[in-house]
Amino acid sequence: QVQLVESGGGLVQAGGSLRLSCAASGRTFSSYVMGWFRQAPGKEREFVATITSRGGSIYYAYYADSVKGRFTISRDNAKNTVYLQMNSLKPEDTAVYYCAAKSAYCSGYDCHSGYDYWGQGTQVTVSS
């Protein structure tokens, strides 16, 4: 069982930045693929970014096209934490952001779904 707690959401002006954090419980954090998703009002939840679990010494990150070049996902296995650095924020980035953990290793598009554990979400609001 993995428990995920997000933090770092808030209100920011367009063009600004926020960093979301997701703290995970458990001793096997490094073995999980970690992802960020978001859900805007009236819309379905969508994939934002993911970072794979340890495959040798390299971690791979994948991003939705809408955030590529603006958002960066990273992880600190010593702290059981995954981060989402969001720069150049736009009003259309407004959503509840969720952290998720996936036990099965994946690559590419396979990392967009199949997550086993979810956090409660943190609100991000970008004003124009």
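Residues numbered from 1 in each chain as written. Predicted model: local features only at pLDDT ≥ 70, side-chain atom pairs only at ≥ 80, totals over all residues. Heavy atoms only, no water.

J.: Could you give an account of the environment of Tyr-83, with specific residues and numbers?
T.: Locating Tyr-83 in the fold gives a position in strand S8 (residues 81-86). Note on Tyr-83: relative accessible area 13%, which makes it buried. Sequence separation between Tyr-83 and Ala-40 is 43 residues, and the spatial gap between their C-alpha atoms is 20 Å. Leaving out residues up to four positions away in the same chain, Tyr-83 has contacts with Arg-19, Leu-20, Ser-21, Trp-36, Thr-72, Ile-73, Ser-74 and Asp-76. (Helix = DSSP H or I, 4+ residues; strand = E, 2+ residues; numbered from the N terminus. Buried < 20%, exposed > 50% of the residue type's maximum accessible area, 1.4 Å probe, protein only. Contact = heavy atoms within 4.5 Å.)

J.: A description of the side chain of Thr-122 should follow, citing residues and the corresponding values.
T.: Assignment of secondary structure puts Thr-122 in strand S11 (residues 122-127). Using a relative accessible area of 11% as the deciding quantity, one classes Thr-122 as buried. Not counting residues up to four positions away in its chain, the partners in contact with Thr-122 are Glu-6, Ser-7, Gly-8, Gly-9, Leu-20, Ala-95, Val-96 and Tyr-97.

J.: Tell me what's going on with unusual backbone geometry, and back it up with residues and numbers.
T.: At Asn-80, a residue that is not glycine, the phi angle is positive and equals roughly 55°. Judged by its relative accessible area of 17%, Asn-80 falls in the buried class. Even without glycine at this site, Ser-88 takes up a positive phi of about 50°. Tracing the backbone shows Ser-88 in the loop between S8 and strand S9 (95-102). Residue classification places Ser-88 among the partly exposed residues on the basis of a relative accessible area of 40%.

J.: Break down the environment of Tyr-60 for me, with residues and values.
T.: Topologically, Tyr-60 is positioned in the loop between strand S5 (46-51) and strand S6 (61-63). A relative accessible area of 40% places Tyr-60 in the partly exposed class. Considering only alpha carbons, one finds Tyr-60 and Ala-95, 35 residues apart in sequence, at a separation of 25 Å. Residues within four places of Tyr-60 in sequence aside, it is in contact with Thr-50, Ile-51, Thr-52 and Tyr-105.

J.: Describe the pattern of salt bridges, naming the residues involved and giving the relevant values.
T.: Between side chains of opposite charge, a pair can form as their charged atoms come close. In this structure the tally under the stated criterion is four salt bridges. Residue Arg-38 is joined to Asp-93 by a salt bridge in which the shortest nitrogen-to-oxygen separation is 2.9 Å. Here the residue Arg-38 occupies a position in strand S4 (residues 33-39), and Asp-93 occupies one in the loop between S8 and S9, the gap between them amounting to 55 residues. On the basis of relative accessibility, which here comes to 0%, the residue Asp-93 falls in the buried class. In this structure, Arg-70 engages Asp-93 in a salt bridge whose closest nitrogen and oxygen atoms are separated by 2.7 Å. Of the two residues, Arg-70 is situated in the loop between S6 and strand S7 (71-76) and Asp-93 in the loop between S8 and S9; the sequence distance between them amounts to 23 residues. Side by side, Arg-70 and Asp-93 carry an identical accessibility label, which is buried. One salt-bridge network, in which partners are shared between bridges, spans Arg-38, Glu-46, Arg-70 and Asp-93. (Salt bridge = Lys/Arg side-chain N within 4 Å of Asp/Glu carboxyl O.)

J.: Residue-level account of the sheet that holds strand S1 (residues 4-7), with values.
T.: The four strands are arranged S1-S3-S8-S7 in an open sheet whose pairing can be described as antiparallel. In the strand order of this sheet, the two ends are held by S1 and S7, each with one partner. Ignoring strand direction, the axes of neighbouring strands in this sheet form an average angle of 15°. Of the strand pairs in this sheet, S7 and S8 are connected by six bridges, and their pairing is antiparallel. Across the sheet, the residue bridging to Ser-74 is Tyr-83, located in S8. (Pairing = 2+ DSSP bridges. Axes fitted to C-alpha atoms, helices over the stretch in contact; angles between N-to-C directions.)

Everything listed is a geometric property; what it means functionally is a separate question.
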